[in-house]
Amino acid sequence: MNCRILAKATVMAHSPQPNEMDLKRIERALVNRKRYRYVSPMVQATVNGYLITSPCCSRNIDPDGGIIDIARLEFMAEEQGWRLYHKDHKTGAWSAYADYPALRPILAVLRDDPERRFWQ
């Protein structure tokens with residue numbers, strides 16, 4: 001009986017994010033983005049999500065062209081959904097952009113970025 005309780009608690013405490021499959025999905029989606037296609041962004045697993053960084057080719061954020069934060073994706077286990085953040089480079093803080101029920105709409109936003117919130 002105690003083994004079952006322990007096993008159930010372990011499964012419930014384990015977050016489904018990050019995982020290798022979704023990390024690869026994000027990487028593949030970024031290949032087809034509309035802005036700054038000549039740089040190679042990087043996707044890293046973080047606690048409950050992913051961080052996207054990229055060289056700053058526009059020199060708008062980093063005049064030296066260093067690596068800058070593009071977006072942060074956070075899986076919200078209770079809501080079973082995602083929160084997408086963009087970086088306010090003036091303050092250095094992450095700002096919540098929107099919540100989504102699935103990863104697919106986030107990837108569309110990151111690919112198109114009509115407001116230039118991510119690819120600055």
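All of the points below concern the structure found in this document.

1. Points about the environment of glycine 92
As for its placement among the helices and strands, glycine 92 is situated in the loop between strand E4 (81–88) and strand E5 (93–100). Since its relative accessible area comes to 45%, glycine 92 is described here as partly exposed. Along the chain, glycine 92 and aspartate 69 lie 23 residues apart, while their C-alpha atoms are 9.5 Å from each other.

2. Some words on unusual backbone geometry
Across the junction of glutamine 17 and proline 18, the peptide omega takes the value 0°, indicating a cis bond. Relative to the helices and strands, proline 18 is located in the loop between helix H1 (2–13) and helix H2 (20–31). Of note in this structure, aspartate 113 is not a glycine but carries a positive phi near 40°. Here aspartate 113 is to be found in the segment after helix H3 (103–112). Taking the relative accessible area as the measure of exposure, aspartate 113 reaches 2% and is therefore buried.

Thresholds applied
- Residues numbered from 1 in each chain as written.
- Predicted model: local features only at pLDDT ≥ 70, side-chain atom pairs only at ≥ 80, totals over all residues.
- Heavy atoms only, no water.
- Helix = DSSP H or I, 4+ residues; strand = E, 2+ residues; numbered from the N terminus.
- Buried < 20%, exposed > 50% of the residue type's maximum accessible area, 1.4 Å probe, protein only.

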